[in-house]
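# Understanding the architecture of this molecule
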Amino acid sequence: MKKILAVLLLLTIVSINMPVLAGTHGTNGTVTGKSIGAGLLSLLIWPGIGQAVNDQSYEKNVTHAVLGLTGIFRIWSCYDAVVDRQGGVWKNRI
């Protein structure tokens, strides 16, 4: 159990710093308990669930869910849900 929590903490720290490296579009919302839970859902269950919890558009939810087939997108989707990011690239879907 401790190992899982340590890995989750490490992934959260890494995912928070990713947008600085990737160059994001859109605006960050506020980090709340709800958005942290949404980020964990996107990371652990499936990308797109966190965006649905944060009341994002249907197109953004579906795009995150489909791109979730790639393993690395889970980390980005987690960050996107944690900061409750509005907008983005590809017509505000990513």
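Residues numbered from 1 in each chain as written. Predicted model: local features only at pLDDT ≥ 70, side-chain atom pairs only at ≥ 80, totals over all residues. Heavy atoms only, no water.

### Looking at the overall build of the chain
Put simply, the rule reads: Helix and strand definitions here come from DSSP, where helices need a minimum of 4 consecutive H or I residues and strands a minimum of 2 consecutive E residues; each element is numbered from the N-terminal end. Buried, partly exposed and exposed residues are distinguished by accessible area as a fraction of the type maximum, computed with a 1.4 Å probe on protein chains only: under 20%, between the cut-offs, and over 50%, respectively. The criterion used for residue contact is that any of the two residues' heavy atoms lie within 4.5 Å. Only the protein chains shown count as covering a residue, and every accessible area follows the Shrake-Rupley method with a 1.4 Å probe.
If you tally the helices and strands in the chain, you get 6 helices and 0 strands. Taken from the N to the C terminus, the helices and strands of the chain come in the order α-α-α-α-α-α. Across the 94 residues of the chain, 37% fall into the buried class. In the chain, the share of contacts with a sequence separation of at least 24, taken over all contacts with a separation of at least 6, comes to 67%. When the accessible surface of the chain is summed, it comes to about 5,600 Å², and 71% of that surface belongs to carbon and sulfur atoms.

### Topic: helix H5 (residues 73–82)
Within H5, 10 of the 10 residues are buried, leaving the element largely enclosed by the surrounding structure. After H5 finishes, the residue Asp 84 shows a positive phi value of roughly 50 degrees.

### Notes on the packing of helix H2 (residues 33–44) against H5
Quick reminder of the rule: Angles shown run from 0 to 180 degrees and are taken between the N-to-C directions of axes, each axis being a line fitted to C-alpha atoms and, for helices, limited to the stretch in contact. Any angle that is under 35 degrees is reported as roughly parallel, and any over 145 degrees as roughly antiparallel; angles of 65 to 115 degrees are reported as roughly perpendicular and all others as oblique. In this scheme, a crossing is called left-handed if the near helix is turned counterclockwise away from the far one by less than a right angle; it is called right-handed if the turn is clockwise. Just so you know the grouping, Ala, Val, Leu, Ile, Met, Phe, Trp, Tyr, Cys and Pro go in nonpolar, Asp, Glu, Lys and Arg go in charged, and all remaining residues, Gly too, go in polar.
Between H2 and H5, the shortest axis-to-axis distance is 7 Å and the interhelical angle comes to 165 degrees. Comparing the axis directions of H2 and H5 gives the class roughly antiparallel. Judged by the twist between their axes, the crossing of H2 over H5 is right-handed. Contacts between H2 and H5 involve Ser 35, Ile 36, Ala 38, Gly 39, Ser 42, Leu 43 and Leu 44 on the former and, on the latter, Arg 74, Ile 75, Ser 77, Cys 78, Ala 81 and Val 82. For the contact of H2 with H5, the residue count by class is 8 nonpolar, 4 polar and 1 charged.

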